[in-house]
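Tertiary structure, described
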Amino acid sequence: MNAEPGTRVLKADDASIKAAAASLRLGGLVAFPTETVYGLGADAGNGEAVARLYAAKGRPAFNPLIAHVADIEAARHIAFFYPDAQKLADAFWPGPLTLVLPKRPDGGVSDLALAGLDTVAVRVPDHPVALALLRAFGGPVVAPSANRSGHVSPTSAAHVMSDLRGRVDLVIDGGACAVGVESTIVSFAGAPTLLRPGGLAREAIERVLGHPLAVAVTAEEAPLAPGMLASHYAPKARVRLDAEAPRDGEALLAFGPAPSFSGTTFNLSPRGDLVEAAANLFSHLRALDASGAKAIAVMSVPHEGLGEAINDRLARAAAPRN
Ligand code: AMP
Ligand code: MG
């Protein structure tokens, strides 16, 4: 395959895995094979790398991402396991099963990767190249499918290149993916719930649990209350968008040069950089909530590039809730 400068395609071997781990450590984007589909990997703990990942995919919204780890031990460092979750991990990892669990506060997954949530989706993929990369890197790697937003998931390095050539640093070619569909997602945020059907059959999961999984209320079924969806972080404070200056009683979420203001202020990016702003978005909203602010004035953020996803989340944060 002929890559343009900017995106290297390397056959999977020890040297390319080492190069990929080094790239991830520098905040790079690396596409790699898993048994489900090719993932677009970034250091889960590096908010700016995660922001660049969303930009490379052209995602118009920040959805929480799956943290990939090499083994259950590593998963335990980022999430709290319930006994039922442990049973599923023992039965099906490595494999096409993602578990949504309460995050550990010191788990090292960035707020942007979690879209601000208190839960984290975690998985141990069943692919020798993915596992070797995760071991070489030594930390969680977020890896949504390595395609442009709205396109089908890639199951070969050629698919990845046709979508992401020039947008990612490195593609590791490990041949075709065996499963070819995404992982099954089970949430333990409440009663065990099937969030997404995928490469592992629901029946197999229910057999191990000894009881049926609950059915998820999907975003499509509850479009009127976006802030209330379990998969969205909703600040407690009231949010006012496109504010030029804060009013009495408001805290300020600024972008770019901020008006002088003596109240609580967090700036998404004083220099007006959308990658930095994306990386700070959820942690700043959380910090504003933690400050006790009852209302937040948000300065306008341009709608281009990552600004689209930032504005999507801000609009959800500002949507009326009961
Ligand atoms: P993908 O981008 O294809 O890897 O898919 C990731 C899926 O996991 C999306 O459907 C996310 O909404 C879901 N997901 C990731 N983290 C969480 C979480 N903490 N709670 C609920 N769903 C999650
Ligand atoms: Mg996808």
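Quick summary incoming for the structure in this document. No experiment lies behind these values; they were computed from the predicted model shown. (Residues numbered from 1 in each chain as written. Chains lettered and ligands numbered in written order. Predicted model: local features only at pLDDT ≥ 70, side-chain atom pairs only at ≥ 80, totals over all residues. Heavy atoms only, no water.)

Overview of unusual backbone geometry
At the junction of Trp93 and Pro94, the peptide bond is cis and its omega measures out at -5 degrees in the coordinates. Note on placement: Pro94 falls in the loop between α4 (83-92) and β5 (97-102). One non-glycine residue with positive phi stands out, namely Ala115, at about 50 degrees. Turning to its location among the elements, Ala115 is positioned in the loop between β5 and β6 (119-123). We classify Ala115 as buried; its relative accessible area is 0%. Positive phi outside glycine occurs at Asp242, with the angle close to 50 degrees. Here Asp242 falls in the exposed class, since its relative accessible area comes to 53%. (Helix = DSSP H or I, 4+ residues; strand = E, 2+ residues; numbered from the N terminus. Buried < 20%, exposed > 50% of the residue type's maximum accessible area, 1.4 Å probe, protein only.)

Some points on the site of ligand 1
Arg59, Thr119, Ala121, Ile185 and Arg196 are the nearest of the 13 residues found near ligand 1. At 2.9 Å, a side-chain N or O of Thr119 approaches a nitrogen atom of ligand 1. Here Arg196 contributes a side-chain N or O atom positioned 3.1 Å from an oxygen atom of ligand 1. Bound to the protein, ligand 1 loses 83% of the 500 Å² it would expose on its own. Mapped by element, the contributors of at least two residues to the shell around ligand 1 are β6 and β10 (193-196). Residue classes in the shell around ligand 1 are distributed as ten nonpolar, one polar and two charged. (Near = heavy atom within 4 Å. Polar contact = N/O pair within 3.5 Å; in protein donor to acceptor, adjacent residues only side chain to side chain. Areas by Shrake-Rupley, 256 points an atom, 1.4 Å probe, with all protein chains shown as cover. Nonpolar A, V, L, I, M, F, W, Y, C, P; charged D, E, K, R; others polar.)

Description of the sheet that holds strand β12 (residues 238-240)
The strand order across the open sheet formed by four strands is β12-β15-β13-β14, and the pairing between neighbours is parallel. The strands lining the two open edges of the sheet, one partner per strand, are β12 and β14 (265-267). Taken pair by pair, the neighbouring strands of this sheet meet at an average axis angle of 20 degrees, ignoring direction. (Pairing = 2+ DSSP bridges. Axes fitted to C-alpha atoms, helices over the stretch in contact; angles between N-to-C directions.)

Here's the deal with the sheet that holds strand β11 (residues 214-215)
As summarised here, the arrangement of the eleven strands in space is β1-β8-β2-β3-β7-β4-β6-β5-β9-β10-β11, forming an open sheet in which the pairing is mixed. Two strands lie at the open edges of the sheet, namely β1 (8-11) and β11, each paired on one side alone. Relative to β6, β5 is paired through four bridges, and the arrangement is antiparallel. Across the sheet, Leu101 pairs through a bridge with Val120, a residue of β6. In the packing of helix α2 (residues 47-57) onto the sheet, contacts are made with β3 (38-43) and β7 (141-142), and the angle to β3 comes to roughly 150 degrees. (Contact = heavy atoms within 4.5 Å.)

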